[in-house]
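Coordinate inspection notes
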Amino acid sequence: MIGLPAGTRIWLAAGMTDMRSGFNGLAAKVETALKEDPYSGHVFVFRGRRGDLVKVLW
């Protein structure tokens with residue numbers, strides 16, 4: 001288990017995400033949709049269409 005620093009936010013992306021996107025593509029989605037910095041130290045969680053895949057960007 002990796003402990004998160006105090007003050008870290010966890011963002012859950014509502015809906016489904018195209019899992020063919022690499023982490024650079026997911027970082028671009030964070031910047032455009034959430035207007036957040038993907039390198040801020042917060043955790044962004046993306047779910048696949050079927051719900052059996054999850055990608056975490058930290």
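The name given to the chain in an unreviewed UniProt entry is IS66 family insertion sequence element accessory protein TnpB, with the source organism recorded as Massilia aerilata.

Looking now at the overall build of the chain. Within the chain one finds one helix and three strands. Along its sequence from the N terminus, the chain presents helices and strands in the succession β-α-β-β. For the chain, the spread of C-alpha atoms along the principal axes amounts to about 30 × 25 × 20 Å. Sequence separation of 24 or more characterises 55% of the internal contacts of the chain that already satisfy a separation of 6 or more. Looking at the chain as shown, the accessible area adds up to about 4,400 Å², and 58% of this sits on carbon and sulfur atoms. For the chain, the distance from the average position of its 8 positive side-chain charges to the average position of its 5 negative side-chain charges is 8 Å.

Time to look at the environment of Thr32. As for its placement among the helices and strands, Thr32 is situated in helix 1 (residues 23–34). By relative accessible area, which is 53% here, Thr32 ends up exposed. Sequence separation between Thr32 and Arg20 is twelve residues, and the spatial gap between their C-alpha atoms is 18 Å.

Time to look at the pattern of salt bridges. Per the stated rule, a full pass over the model turns up two salt bridges. With a shortest N-O distance of 3.0 Å, Arg20 and Asp18 are connected by a salt bridge. A residue is classified by how much of its surface remains accessible, and Arg20, at 76% relative accessible area, is exposed. Among the residues examined, Asp18 registers a relative accessible area of 36% and is labelled partly exposed. Close ionic contact of Asp52 with Arg50 constitutes a salt bridge, the shortest N to O distance being 3.0 Å.

About the thresholds
Residues numbered from 1 in each chain as written. Predicted model: local features only at pLDDT ≥ 70, side-chain atom pairs only at ≥ 80, totals over all residues. Heavy atoms only, no water. Helix = DSSP H or I, 4+ residues; strand = E, 2+ residues; numbered from the N terminus. Contact = heavy atoms within 4.5 Å. Areas by Shrake-Rupley, 256 points an atom, 1.4 Å probe, with all protein chains shown as cover. Lys, Arg positive; Asp, Glu negative; His and termini not counted. Charge placed at Lys NZ, Arg CZ, Asp CG, Glu CD. Buried < 20%, exposed > 50% of the residue type's maximum accessible area, 1.4 Å probe, protein only. Salt bridge = Lys/Arg side-chain N within 4 Å of Asp/Glu carboxyl O.

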